[in-house]
Amino acid sequence: MEPTRPANGAPPTAEPTDELLPEGRGPAPGPRRGALIGRPLFWIALVALVGLVVPFLVGRAVRGHAAEPPAIRIPLPAFELTDQRGQRFGLEQLRGRVWIADFIFTTCPTVCPKLTQRMKEIDQRGRDLGDALHLVTFTVDPENDTPEVLAAYAASQELPLERWTFLTGPLDQIESTILKGFKIAMGKTESSPGIFSIFHGERLVLVDQEGVIRGYYEANDEGIPAILRDAGALVKQR
C-alpha cells in the first residue's frame, strides 16, 4: 500500500525499522566524508585550526591568572639627596615610575657586591618594562661614598646609569630616609677602639609610581622573580 503523503507535499516520514546491521560493523561512512578525510588538504586545514585555537585558549588561561599588584601600601616620606652626578635627586624625580631600591656601601667586601649583582640581574631581566622601571641604590656610608665614589663604583661594575641612580647625602638625611622611610636597618658599631663596622638591611624594596612601598623581597633566587612579577603588575596597572 502506498504511504500517504502529508498535505504539504513533503515526503512521508520514514518508519522505524528493526533490521540490525551485521555484528561488528557500523554504518559505512558517507562517500563525501570519506573523500574529505582522505585528502591531504583536510589534514593541513585541521592542523592549522588546532594551531590557532590552542594558543588562544592558553592565552586566555594565562591572562586569567595574571599577577595582581601587591596589597602592602606604606607611603614613603619625601626625600631629596644627591646622585652620582652631584645633582639633587629625590622622590619627586621618581614619581610616575615603578622603582626598586637597595642599600649598600662601596667598601663592603661581602654582601654588598652580591646585592649589586642581583640588582644588575633585575635590570637585565626587566628590560621589557623599559623606562617604566628604575633602580635606586642608597649608600649607608655617606661619609665615604661621595658622588664621585659612587660614580666610580658604578663604572667599575658596568652599571647602566640611564636606568639606575646612586644616592648619597648628609648622614642625618640618609638615616631619616632609610630608617624612618624605608623601615630598613642601618648603623655603625665600634667593634674595637677606633674600628667601626657598618651594618644594614639586605632586602630589596619595591615602590610604586606614587612613592608608596609595595613590598620587601629577599635578594635570592625566589625573591628576584617575585619582585619582577610584582613590578610588572604595577607597571601594567598605570
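Our structure's up above, just so we're on the same page.
Counting restarts for each chain, with residues numbered from 1 along the sequence as it is written. Selection of residues for local features in this predicted model requires a pLDDT of at least 70, selection of side-chain atom pairs for listing and counting requires 80 or more, and totals for whole chains, interfaces and linings are taken over all residues. Hydrogens and waters are ignored; side-chain quantities use all the structure's heavy atoms.

Chemist: I keep staring at helix α4 (residues 111–125) and nothing clicks. Help me out?
Modeler: Residue pairs spaced three or four apart in an α-helix point in one direction, given the helix's 3.6 residues per turn. With 15 residues, α4 should reach 21 Å at 1.5 Å per residue; the first-to-last C-alpha distance of 21 Å fits that figure. We call a residue buried when its accessible area falls under 20% of the maximum for its residue type, exposed when it is over 50%, and partly exposed in between, using a 1.4 Å probe and counting protein chains only. Think of it this way: any DSSP run of H or I at least four residues long counts as a helix, any run of E at least two long counts as a strand, and we number them from the N terminus. Regarding α4, the residues found buried are V111, C112, L115, T116, R118, M119, K120, I122 and D123. Each residue after the first adds 1.5 Å to the expected span of a helix.

Chemist: How should unusual backbone geometry be read in this particular structure?
Modeler: Leaving glycine out, the prevailing phi sign among residues is negative, and the prevailing peptide bond configuration is trans. Phi at E158 is positive, roughly 55°, even though this residue is not glycine. Note that E158 resides in the loop between α5 (147–156) and β6 (164–168). Residue classification places E158 among the exposed positions, given a relative accessible area of 65%.

Chemist: Honestly, the sheet that holds strand β4 (residues 98–104) in this entry has me stumped. Any pointers?
Modeler: Strands in a sheet are paired, the pairing made by backbone hydrogen bonds, and the direction either parallel or antiparallel. Paired strands are those between which DSSP finds at least two bridges. Ordered in space as β1-β10-β9-β4-β5-β6-β2-β3, the eight strands form an open sheet in which the pairing is mixed. This sheet does not close on itself; its edge strands, each paired only once, are β1 (74–75) and β3 (88–90). We call two residues in contact whenever any of their non-hydrogen atoms come within 4.5 Å of each other. Comment: axis = line fitted to C-alpha atoms, over the contacting stretch for helices; angle = value between 0 and 180 degrees taken between N-to-C directions. Packing against the sheet, α5 makes contact with β2 (80–83), β4, β5 (133–139) and β6, and its axis sits at approximately 150° to β6.

Chemist: Please explain helix α7 (residues 223–236) as it appears in this structure.
Modeler: Under the 1.5 Å per step criterion, the end-to-end length of α7 is 20 Å for 14 residues, consistent within 8% with the ideal 20 Å. Counting buried positions over the 14 residues of α7 gives 11, a clear majority of the element. Summarising the contacts, the buried residues of α7 are in contact with β4, α4, β5, β9 (204–207) and β10 (212–217).

Chemist: Is there a simple way to think about the packing of aromatic side chains in this case?
Modeler: Pairs of aromatic rings are described using the distance from one ring centre to the other and the angle between the two planes. Ring pairs are drawn from Phe, Tyr and Trp, using the six-membered ring of Trp, whenever the two centres fall within 6.5 Å, and their geometry is named by plane angle: stacked under 30 degrees, edge-to-face over 60, tilted for the rest. Per the stated rule, a full pass over the model turns up eight aromatic pairs. Note on F103 and F182: the rings are 5.2 Å apart at their centroids and 70° apart in plane angle, and the pair reads as edge-to-face. In this pair, F103 is assigned in strand β4 and F182 in the loop between α6 (171–181) and β7 (186–192), connecting sequence segments 79 residues apart. Across this residue pair, the class does not change: F103 and F182 are buried. For the pair Y153 and F166, a centre-to-centre distance of 6.1 Å together with 70° between the ring planes defines the contact as edge-to-face. Taken together, the residues Y153 in helix α5 and F166 in strand β6 connect sequence positions 13 residues apart. Residue class for Y153 comes out buried when judged on its relative accessible area of 11%.

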